Amino acid sequence: MKKSNAFAQIGAMKGIVKITDIIDIILKIDNFKSDTISKLTKAKPYEGENLVSLSDIYVDLDYQRKLKIQTILNRLLEYGGFDKSVAGHIDLAERPDKRKFVWDGFHRTIKAGIAGLSEIQASFFEHDRNMSDDECKKQKQKNSKLGMQILQKCSLMKFLKHL
C-alpha cells in the first residue's frame, strides 16, 4: 500500500476505532519494514502490573487529537525506536460495556504498536456503569479540554518563571 493511501485511509477514520486497525494500516505501507522498522532498536516489552493488550484498546476519533502519522514515524526514527522508560504509561477509560478507550497516550500507543509491542502499561478510569456511551464520550471530552487548559496554564507559568 502506498504511504499516501495509508495516510488517507487513517485520516478518513471517524468515531470509534480499534488501535490495532490503525497500526495494521501503517505496517502495510510499502517498504515500511525495510525502510523504517529495520532502523529502530527493538522495543523492550513492558513488565509488571496493569498491562493491556493493544488489541483491547479503542480510540474515539471524534475527540482525540488528529493523528500525525509522519510526525510519529519521524520521532521514532529520530530517537531510534520506542523507549518505554520515556513513554511511561497511558490512561484508559473503561466504558460500561468494558471497552477500554485511550484518552491520554493515543500517539504513544500507536508508537508502541509500530515498534512491535503487543502490550502497554496503563492506568484506568472506570465510567459509572449506568452511563450511556454518549455520556462517557462527553465526560472524556470535558476532561480532555480541562486537561489541555491546565497544561497550557502550566506551560505559561514555566515560561513566565524564566523571564
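Residues numbered from 1 in each chain as written. Predicted model: local features only at pLDDT ≥ 70, side-chain atom pairs only at ≥ 80, totals over all residues. Heavy atoms only, no water.

(A) Layout of the environment of H107. Along the chain, the position of H107 falls in helix α6 (residues 106-114). Those residues in contact with H107, other than ones at most four positions away along the chain, are R65, K66, L67, K68 and I72. A polar contact is formed between the side chain of H107 and the backbone oxygen of K66, at a distance of 3.4 Å. (Helix = DSSP H or I, 4+ residues; strand = E, 2+ residues; numbered from the N terminus. Contact = heavy atoms within 4.5 Å. Polar contact = N/O pair within 3.5 Å; in protein donor to acceptor, adjacent residues only side chain to side chain.)

(B) Representation of the pairing of strand β3 (residues 57-60). Alternating residues of β3 divide into I57 and V59 and Y58 and D60, and every residue in both groups is buried. With three bridges connecting them, strand β1 (residues 16-18) and β3 associate as antiparallel partners. From the neighbouring strand, I16 faces β3, where its bridge partner is D60. Strand direction decides the pairing type here: β3 and strand β5 (residues 100-104), joined by two bridges, are parallel. Across the sheet, Y58 pairs through a bridge with F101, a residue of β5. (Buried < 20%, exposed > 50% of the residue type's maximum accessible area, 1.4 Å probe, protein only. Pairing = 2+ DSSP bridges.)

(C) Examining the packing of aromatic side chains more closely. For the structure on display, the rule yields two aromatic pairs. Ring plane angle 55° and centroid distance 6.4 Å describe the contact between Y46 and F82, whose orientation is recorded as tilted. Of the two residues, Y46 is situated in the loop between α3 (32-35) and β2 (51-53) and F82 in the loop between α4 (69-79) and α5 (84-87); the sequence distance between them amounts to 36 residues. The burial state of Y46 is the same as that of F82; both residues are buried. The positively charged end of K84 is found above the aromatic ring belonging to Y46, 5.9 Å away from the centroid. (Phe/Tyr/Trp six-rings, centres within 6.5 Å; stacked < 30°, edge-to-face > 60°. Lys NZ or Arg CZ within 6 Å of the ring centre and 35° of its normal.)

(D) Just the packing of helix α1 (residues 3-11) against α4, in detail. α4 packs onto α1 with a crossing angle of 120° between their chain directions and a minimal axis gap of 10 Å. With respect to their mutual orientation, α1 and α4 come out oblique. Contact with α1, carried on its side by K3, F7 and I10, involves I69, Q70 and L73 of α4 and no other residues of that element. (Axes fitted to C-alpha atoms, helices over the stretch in contact; angles between N-to-C directions. Parallel < 35°, antiparallel > 145°, perpendicular 65-115°, else oblique.)

(E) Structural context of the packing of α1 against helix α2 (residues 19-27). Relative to each other, α1 and α2 sit at 165°, their axes nearing to 9 Å. The angle between the axes of α1 and α2 places the two elements in the roughly antiparallel class. The chirality of how α1 crosses α2 is right-handed. For the pair α1 and α2, the contacting residues are A6, Q9 and I10 in the first and I22, I25 and I26 in the second. (Left-handed = near helix turned anticlockwise from the far one by under 90°.)

(F) Structural view of unusual backbone geometry. For N31, which is not glycine, the phi torsion reads 60° and is therefore positive. Along the chain, the position of N31 falls in the loop between α2 and α3. Backbone geometry at K98 places phi at a positive 80°, although glycine is not the residue there. Secondary-structure assignment places K98 in the loop between β4 (90-94) and β5.

(G) Local environment of the environment of K18. The topology assignment puts K18 in strand β1. K18 gets classed as partly exposed once you look at its relative accessible area, which sits at 27%. K18 sits 37 residues away from S55 along the chain, and the two C-alpha atoms are 7.1 Å apart. Ignoring sequence-local partners within four residues, the contact set of K18 consists of S55, I57 and Y58. At 2.8 Å, the side chain of K18 forms a polar contact with the backbone oxygen of S55.

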